[in-house]
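Each chain, written out:
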Amino acid sequence: LQDRVLGNPDAPVTFYDYSSLSCPHCAKFHTTTLVQIRQHYIDNGQVKMVFRPFPLNEPALLGEKIARCVPQDQYFKILDLLFTNQDKWVFAPNVRDALRQMVK
């Protein structure tokens, strides 16, 4: 899979994020810590983040498949949506239906 990069591709510092869309710890990082990192370092071009999916289960894999289907410039918006609303789709009785509704 091609890496997805958040920030200036020529930034002098790169960090790699291996996350699972179904992991609550990864979701907390993406909804709290990463927001601050983006604000202070990524948005001003000092740092870029390379996201590499690490799906731990079927829901995470399904979420990543959907994220890979959107245009590349929308990828991180979908990740934000999925991490922010993780509790609404990961534990849903029908994950596929929940994901469909989420991305509509």
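First things first, this report covers the structure right here in the doc.

From N to C terminus, the protein chain includes 5 helices and 3 strands. Seen in sequence order, the protein chain has helices and strands lined up from the N terminus as β-β-α-β-α-α-α-α. Relative to a compact globule of 104 residues, whose C-alpha radius of gyration would be 13 Å, the protein chain shows 14 Å and is just as compact. When the 104 residues of the protein chain are sorted by exposure, 40% land in the buried category. For the protein chain, the accessible surface area stands at approximately 6,300 Å², while carbon and sulfur atoms represent 54% of it. Taking the average location of the 12 positive side-chain charges in the protein chain and that of its 10 negative ones, the two points are 3 Å from each other.

Let us look at the packing of helix α2 (residues 58-69) against helix α3 (residues 75-84). Relative orientation and spacing of two packed helices are given, respectively, by the angle between their axes and the distance between those axes. Viewed as axis vectors pointing N to C, α2 and α3 meet at an angle of 150°, and their least axial separation amounts to 8 Å. As far as their axial angle goes, α3 and α2 are roughly antiparallel. Judged by the twist between their axes, the crossing of α2 over α3 is right-handed. On the side of α2, the interface is formed by Gly63, Glu64, Ala67 and Arg68, while α3 contributes Tyr75, Ile78, Leu79 and Leu82.

Okay, the nonpolar core next. One finds Leu21, Met49, Phe76, Leu79, Leu82 and Trp89 to be the most contacted residues of the largest nonpolar core, which totals 26 residues. Of all the elements in the fold, those that place two or more residues in this core are α1 (24-42), β3 (47-53), α2, α3 and α5 (95-103).

The next thing to look at is the side chain of Arg4. Residue placement: Arg4 occurs in strand β1 (residues 4-6). The side chain of Arg4 is buried and forms no salt bridge, while Glu64, the nearest opposite charge, is found at 6.3 Å. Residues contacting Arg4, with those up to four places away along its chain left out, are Met49, Val50, Phe51, Arg68, Gln72, Tyr75 and Phe76.

The next thing to look at is the sheet that holds β3. Taken together, 3 strands build an open sheet; the order of strands is β1-β3-β2 and the sheet is mixed. The open sheet has two edge strands with one neighbour each: β1 and β2 (13-19). On average, each strand axis in the sheet is inclined to that of its neighbour by 30°, with strand direction left out of account. Running at roughly 165° to β2, α1 makes contact with β1, β2 and β3 of the sheet.

The rules behind each value
Residues numbered from 1 in each chain as written. Predicted model: local features only at pLDDT ≥ 70, side-chain atom pairs only at ≥ 80, totals over all residues. Heavy atoms only, no water. Helix = DSSP H or I, 4+ residues; strand = E, 2+ residues; numbered from the N terminus. Rg over C-alpha atoms; globule rule 2.2 N^0.38 Å. Buried < 20%, exposed > 50% of the residue type's maximum accessible area, 1.4 Å probe, protein only. Areas by Shrake-Rupley, 256 points an atom, 1.4 Å probe, with all protein chains shown as cover. Lys, Arg positive; Asp, Glu negative; His and termini not counted. Charge placed at Lys NZ, Arg CZ, Asp CG, Glu CD. Axes fitted to C-alpha atoms, helices over the stretch in contact; angles between N-to-C directions. Parallel < 35°, antiparallel > 145°, perpendicular 65-115°, else oblique. Left-handed = near helix turned anticlockwise from the far one by under 90°. Contact = heavy atoms within 4.5 Å. Core = buried A, V, L, I, M, F, W, Y, C linked by side-chain atoms within 4.5 Å. Salt bridge = Lys/Arg side-chain N within 4 Å of Asp/Glu carboxyl O. Pairing = 2+ DSSP bridges.

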